[in-house]
Amino acid sequence: MIRRKPTHFRNSLDLRDKVKVKFLRKRLKLSDEQFASVVRKSGSSISAITKEASSLK
C-alpha cells in the first residue's frame with residue numbers, strides 16, 4: 001500500500017500559502033519587505049521567524 005507523505009507541518013510555514021503568510025505577517029506586525037528579509041535569514045520555521053522578528057523590534 002502506497003501512502004502519501006503529509007504536505008504540511010505545524011511548525012513550518014508554507015510560503016506558497018498566501019493566507020498563512022499574510023496571517024503570520026500581520027500577527028508579527030511586519031511590512032512585506034521586513035517579512036521577506038526575516039524569512040530569507042531564518043528559513044521557513046515559524047519559531048525561527050518569530051525569534052528573528054522579535055530581534056528587529
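Residues numbered from 1 in each chain as written. Predicted model: local features only at pLDDT ≥ 70, side-chain atom pairs only at ≥ 80, totals over all residues. Heavy atoms only, no water.

Details of unusual backbone geometry
With phi around 55°, K29 is a residue other than glycine that occupies positive phi space. One can find K29 in the loop between α1 (18–28) and α2 (32–42). (Helix = DSSP H or I, 4+ residues; strand = E, 2+ residues; numbered from the N terminus.)

Quick look at the packing of α1 against helix α3 (residues 46–56)
Two elements in contact, α1 and α3, have axes whose closest approach is 11 Å; the angle formed by their N-to-C orientations is 30°. Classed by the angle they form, the pair α1 and α3 counts as roughly parallel. α3 is crossed by α1, and the crossing has right-handed handedness. Residues L24, R27 and L28 of α1 pack against I46, I49, T50 and A53 of α3. Its residues placed into classes, the contact of α1 with α3 shows 5 nonpolar, 1 polar and 1 charged. (Axes fitted to C-alpha atoms, helices over the stretch in contact; angles between N-to-C directions. Parallel < 35°, antiparallel > 145°, perpendicular 65-115°, else oblique. Left-handed = near helix turned anticlockwise from the far one by under 90°. Contact = heavy atoms within 4.5 Å. Nonpolar A, V, L, I, M, F, W, Y, C, P; charged D, E, K, R; others polar.)

Observations regarding the nonpolar core
In terms of nonpolar packing, the biggest core is built from 10 residues, these being L13, V21, L24, L28, L30, F35, V38, V39, I49 and A53. At the level of elements, α1, α2 and α3 are the ones that each hand at least two residues to this core. When neighbours within four sequence positions are excluded, L13 is seen to be in contact with K20, V21, L24, F35, S44, I46 and I49. (Core = buried A, V, L, I, M, F, W, Y, C linked by side-chain atoms within 4.5 Å. Buried < 20%, exposed > 50% of the residue type's maximum accessible area, 1.4 Å probe, protein only.)

Just distances and angles here, no functional claims.
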